[in-house]
Amino acid sequence: MSTTRKFFRILSLDGGGSWALIQARALQALFGQQARGHHILSRFDLVAANSAGSLVLGGLLKDMTLAEIVSLFKDQATRELLFSRLGLDHLLDRLLQRTLKLGPQYSTARKLEGLRVILDELADTPLDQLTLGPRAAPHLLICGFDYDLKRATFFRSDRASLADGKPGKAAPTLAHAIHASTNAPVNYFDLPAQFSDDLRMADRRYWDGAIGGYNNPVLAAVVEALANRARYHCTPHGIRVLSIGTGSVNLPMSGIRPAQSPVLELARGAPCLAKDLDNLARSIISDPPDAASYTTHLMLGGAVSVSPDAPVKDSPLIRLNPMIQPILGRHAGTPAWCLPKGLTPLQFQQLVHLDIDAVEQGEVKLIERFCNAWLADDVPNQTIRYDADFQPLIGHGRFSDAKAAWEKLAGPTEPPLLRFAAQ
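Cut-offs applied
- Residues numbered from 1 in each chain as written.
- Predicted model: local features only at pLDDT ≥ 70, side-chain atom pairs only at ≥ 80, totals over all residues.
- Heavy atoms only, no water.
- Helix = DSSP H or I, 4+ residues; strand = E, 2+ residues; numbered from the N terminus.
- Contact = heavy atoms within 4.5 Å.
- Salt bridge = Lys/Arg side-chain N within 4 Å of Asp/Glu carboxyl O.
- Buried < 20%, exposed > 50% of the residue type's maximum accessible area, 1.4 Å probe, protein only.
- Phe/Tyr/Trp six-rings, centres within 6.5 Å; stacked < 30°, edge-to-face > 60°.
- Lys NZ or Arg CZ within 6 Å of the ring centre and 35° of its normal.

**Student:** Explanation requested: the side chain of Gln-28 in the structure shown.
**Tutor:** As for its position among the elements, Gln-28 is in helix 1 (residues 21–31). Beyond its immediate stretch of four places on either side in the chain, Gln-28 contacts Gln-33, Leu-66, Ala-67 and Val-70.

Rendered as structure tokens:
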């Protein structure tokens, strides 16, 4: 008798700094305001995360309620544990920031200390020893980037994973894996995260997994499942993916259509070194819909459409991600780019320019307002593919539609995991 599972469920959590409170809010909308982490994780067979998404994962593994995880991002003192400003011993870095808006702002070492405070007793637990009480945790995949080898790297709970070129090495602790994954470079943290992930090797150094192209880790997650499909008893057509982002910016180029406000368009600026370096640093959190999500959709057998009148709605991948994006409506009697409902031009512009290191209370309140508008269907949801007018070709343009699609796609609500933790 075949032991292949009918469904193999994956949860994928993007990076995005303080914006990751959006992920916790999305999970609340799916599972309930006070749902606990272990209850949610028991619904999935594999969880992949990058950067701040790995911190959300840490909260779930700690069995925090979703309301408690939201509070992690809403509390300024907690945010400052992770985004701890450099002191007077970094005068050159501070001067570069003031004059050119370049260079690190936060302490890598103090970030690790903050993570230990947040994770508490789980901080020093290796990934392969994490459990959901008596039940084994789902397979865990946390993304990083090897600073010295200059390539993507992954921290796994499955030490025998066939997706790993060198299976069998020791799994890092939860705190170290999250520390590496959250270590955004250049304009953010001052040094690579450093620790040994193998007793046979010297300390390794890491940057954020987004540097390797995995700010959205959904493609890495599906590759992990497919590489181990015989061991995980799954098939490509049985994989179901819930991918949750932290907000993305998508603006049309100016001059294509009329716009209700200039803030809704992208004006071309003149190239210059300082601006280009800043753009490069910020580009690590970019997730165009035609990259990881679209490739994953096709890998899992999803269909393609080029007509907004016949969009593909039955993808094996459900993407939940609010878009800082204008709405195609009418202004002065003609088709034009219009503001999403509930956002003023100033708020829209602030969201466009708000970075991942939103620490001030007013900045986080603006992110929460944006999230509320998304959950109410006033702000667009990121589709897997769209046309030139941002009309959906694949996926769902509203949160409520994407939520309903996942509830249908995920199948029965009973936990899919049949494995139990070693006694």
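**Student:** Looking at this structure, how should I read the pattern of salt bridges?
**Tutor:** Close approach of charged atoms allows side chains of opposite charge to pair. A complete count under the given rule lists 15 salt bridges for this structure. A salt bridge links Asp-146 to Arg-204; the shortest N-O distance between them is 2.6 Å. Residue Asp-146 is located in strand 5 (residues 139–146), and its partner Arg-204 is located in strand 8 (residues 204–208); the two are separated by 58 residues in the primary sequence. What makes Asp-146 buried here is its relative accessible area of 4%. A salt bridge links Arg-231 to Asp-158, with the shortest nitrogen-to-oxygen separation between them at 2.8 Å. Of the two residues, Arg-231 sits in helix 10 (residues 229–232) while Asp-158 sits in the loop between strand 6 (151–156) and helix 8 (174–181), which places them 73 residues apart along the sequence. Taking relative accessible area as the criterion, Arg-231 reaches 35% and is therefore assigned partly exposed. On the basis of relative accessible area, Asp-158 is assigned to the buried category, the value being 11%. By sharing partners, the salt bridges in this structure join Arg-156, Asp-164, Lys-169 and Glu-224 into a single network.

**Student:** Help me out: how do you make sense of the packing of aromatic side chains in this one?
**Tutor:** Centre distance and the angle of the planes are the two values used to describe a pair of aromatic rings. Counted under the stated rule, the structure contains 16 aromatic pairs. Measuring from ring centre to ring centre gives 6.0 Å for Phe-44 and Trp-406, while their planes differ by 15°; the resulting arrangement is stacked. Taken together, the residues span a long stretch of sequence, with Phe-44 in the loop between helix 2 (37–41) and strand 2 (46–49) and Trp-406 in helix 15 (residues 399–409) at a distance of 362 residues. This pair shows no difference in class: Phe-44 is buried, exactly as Trp-406 is. Ring geometry for Phe-155 and Phe-195: centres 6.0 Å apart, planes at 45°, overall tilted. Taken together, the positions of Phe-155 in strand 6 and Phe-195 in strand 7 (residues 193–195) put the pair 40 residues apart, joining distant regions of the chain. According to the relative accessible area criterion, Phe-155 is buried, its value standing at 2%. Judged by relative accessible area, Phe-195 falls into the buried class, the value being 3%. The cationic tip of Lys-111 hangs over the ring face of Phe-189; the distance from NZ or CZ to the ring centre is 5.0 Å. The residue whose ring lies beneath Arg-385 is Tyr-294, and the NZ or CZ to ring-centre distance is 4.0 Å.

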